[in-house]
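Descriptive analysis of the structure
Residue-level listing of the chains:
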Amino acid sequence: MTQTPDEGFADQLRKATWTDHEAAEYTHYMQALLGGQISKDGYAEMVAQHYFAYVALEAAGHALAGDPVAGPFVIPELERVAALEHDLEVLYGAGWRDAIRPSKPTLTYVARINQVADWPGGFVAHHYTRYLGDLSGGQVIRKSAERAYGFSGDEGVGFYNFPEIPDYKAFKIGYRDRLNALGFDEVETRRIVAETLLAYQLNTEVLAELGKRMTEFKVA
Ligand code: HEM
């Protein structure tokens, strides 16, 4: 993994993982969701699975806030747990906490996030995979959900809305600058790329499990 002079870590990371991005994007569940073919209950299931992952990810971030590598990525404007709690209340009602369960792949994903919580570079890998995606493809998912379920305002899709970030495009440029400023050596770069590939795979498995329940979720 040799870095060319004009290619920073952010470019390297994107290039090395884009095939796996496609694998996540083109899961059966995701494509059906984008096509408006998933019931509201089926959408709620994905929101529930996100909740367990973000609780773990954001707890790991809080514990690493003072770390020189992870610290710049512990960004309060990105935090999603409160938005997810609100969405879950809309989708499942006041008793949402008793109504949701992590799937087997979600438990595996959460276990991995916890496992790397003492490794700042690993945290960055998981952070990048989720939040940069939420600010990108997440916006496409939001529009599909609004269209399919008739949500208005933040209702049910607060997860995809970052009210404290006025310009997502500018924010993503700044985020990539943070990645480029990390200055990892070749070995650590390789480890982080590998962890990002794993993060994509774990996400894909969560989506694949939802895909297996398609007969339950699919609208006519
Ligand atoms: C509906 C499915 C999806 C669509 C349509 C989609 C679309 C996109 C697009 C167009 C970009 C490029 C944005 C830009 O250059 O600013 C992007 C970036 C990204 N997406 Fe997705 N995506 C989807 C699903 C996912 C999933 C499931 C994940 C992870 C679990 C993910 C993670 C990312 C990440 C990390 C980036 C940033 C790549 C980079 O610039 O380094 N996406 N996505």
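Nothing here was measured: the structure is a model prediction, and the numbers come from that model. (Residues numbered from 1 in each chain as written. Predicted model: local features only at pLDDT ≥ 70, side-chain atom pairs only at ≥ 80, totals over all residues. Heavy atoms only, no water.)

This brings us to the overall build of the protein chain. Regarding its fold elements, the protein chain presents 11 helices and 0 strands. Reading the protein chain from its N end, one meets helices and strands in the order α-α-α-α-α-α-α-α-α-α-α. Against the compact-globule benchmark of 17 Å for 220 residues, the protein chain has a radius of gyration of 17 Å, which places it among compact chains. Taking the principal axes of the C-alpha coordinates as reference, the protein chain spans close to 50 × 35 × 30 Å. For the protein chain, the residues scored as buried account for 51% of the 220 residues in total. Within the protein chain, counting contacts between residues at least 6 apart in sequence, those at least 24 apart form 80% of the total. Of the roughly 10400 Å² of accessible surface on the protein chain, 54% is carried by carbon and sulfur atoms. If the 21 positive side-chain charges of the protein chain are averaged to one point and the 31 negative ones to another, these points end up 4 Å apart. (Helix = DSSP H or I, 4+ residues; strand = E, 2+ residues; numbered from the N terminus. Rg over C-alpha atoms; globule rule 2.2 N^0.38 Å. Buried < 20%, exposed > 50% of the residue type's maximum accessible area, 1.4 Å probe, protein only. Contact = heavy atoms within 4.5 Å. Areas by Shrake-Rupley, 256 points an atom, 1.4 Å probe, with all protein chains shown as cover. Lys, Arg positive; Asp, Glu negative; His and termini not counted. Charge placed at Lys NZ, Arg CZ, Asp CG, Glu CD.)

What the rule picks out here adds up to 12 aromatic pairs. Plain terms: the ring middles of F162 and Y168 are 5.8 Å apart, the flat faces sit at 90° to each other, and that makes the pair edge-to-face. Taken individually, F162 and Y168 each receive the classification buried, so the pair is uniform in this respect. The structure contains a cluster of three or more aromatic residues connected by ring pairs, namely Y54, Y131, F159 and Y160. Against the face of F162 rests R80, its NZ or CZ located 3.7 Å from the ring centre. Lying over the aromatic face of W119, R191 brings its terminal NZ or CZ to 3.9 Å of the ring centre. (Phe/Tyr/Trp six-rings, centres within 6.5 Å; stacked < 30°, edge-to-face > 60°. Lys NZ or Arg CZ within 6 Å of the ring centre and 35° of its normal.)

On to the coordination of the iron atom of the ligand. From the protein, the iron atom of the ligand takes a single donor atom, H21 (NE2), 2.0 Å away. On the secondary structure map, H21 appears in helix 1 (residues 9–25). (Donors = N, O, S within 2.8 Å, 3.2 Å for Na, K, Ca; no water.)

On to the layout of surface pockets, then. One way to see where empty space is left: roll a probe the size of a water molecule over the atoms. By volume, the largest pocket amounts to about 770 Å³. Forming the boundary of the largest pocket are 32 residues, of which H21, T129, G133, D134 and G137 lie nearest the centre. Those elements giving two or more residues to the lining of the largest pocket turn out to be helix 1, helix 2 (28–34), helix 3 (40–63), helix 6 (104–115), helix 7 (120–134), helix 8 (137–149), helix 9 (168–180) and helix 10 (186–212). The greatest single-element share of the lining of the largest pocket, amounting to 6 residues, is contributed by helix 7. Residues belonging to the lining of the largest pocket are distributed by class as follows: 16 nonpolar, 10 polar and 6 charged. (1 Å grid on protein atoms, 1.4 Å probe; cavity = no way out; pocket = protein on both sides within 12 Å on 5 of 7 lines; lining within 4 Å. Points joined across faces, edges and corners; volume = space filled by probe spheres on them. Nonpolar A, V, L, I, M, F, W, Y, C, P; charged D, E, K, R; others polar.)

Quick look at helix 1 now. The terminal C-alpha atoms of helix 1, which comprises 17 residues, lie 23 Å apart, in line with the 24 Å expected from a rise of 1.5 Å per residue. Where helix 1 bends most, at W18, the angle is about 55°. Taken residue by residue, helix 1 has F9, A10, Q12, L13, T17, H21 and A24 as its buried positions. Residues of helix 1 that are buried sit in contact with helix 2, helix 7, helix 9 and helix 10. (Expected span 1.5 Å × (residues − 1). Bend = angle between axes of the 7 residues up to and from the residue.)

If you check helix 4 (residues 81–92), its first and last C-alpha atoms are 16 Å apart, about what 12 residues at 1.5 Å a residue would give, namely 16 Å. For helix 4, every residue scored as buried is listed here: V81, A83, L84, D87, L88 and L91. Each buried residue of helix 4 sits inside an arc of 150° when the element is viewed along its axis, so together they form one side. At the C-terminal side of helix 4, G93 shows a positive phi close to 90°. (Arc of directions from axis to C-beta.)

Before going further, it helps to examine the site of the ligand. The environment of the ligand is made up of 19 residues, and the closest members are R14, H21, Y128, K172 and Y200. Contacts to the ligand include Y128, whose side-chain N or O atom sits 2.5 Å from an oxygen atom. Judged by the proximity of its atoms to the pocket grid, the ligand belongs to the largest pocket. Classifying every residue of the shell around the ligand gives 8 nonpolar, 6 polar and 5 charged. (Near = heavy atom within 4 Å. Polar contact = N/O pair within 3.5 Å; in protein donor to acceptor, adjacent residues only side chain to side chain. Sits in = over half its atoms within 2 Å of the grid points.)

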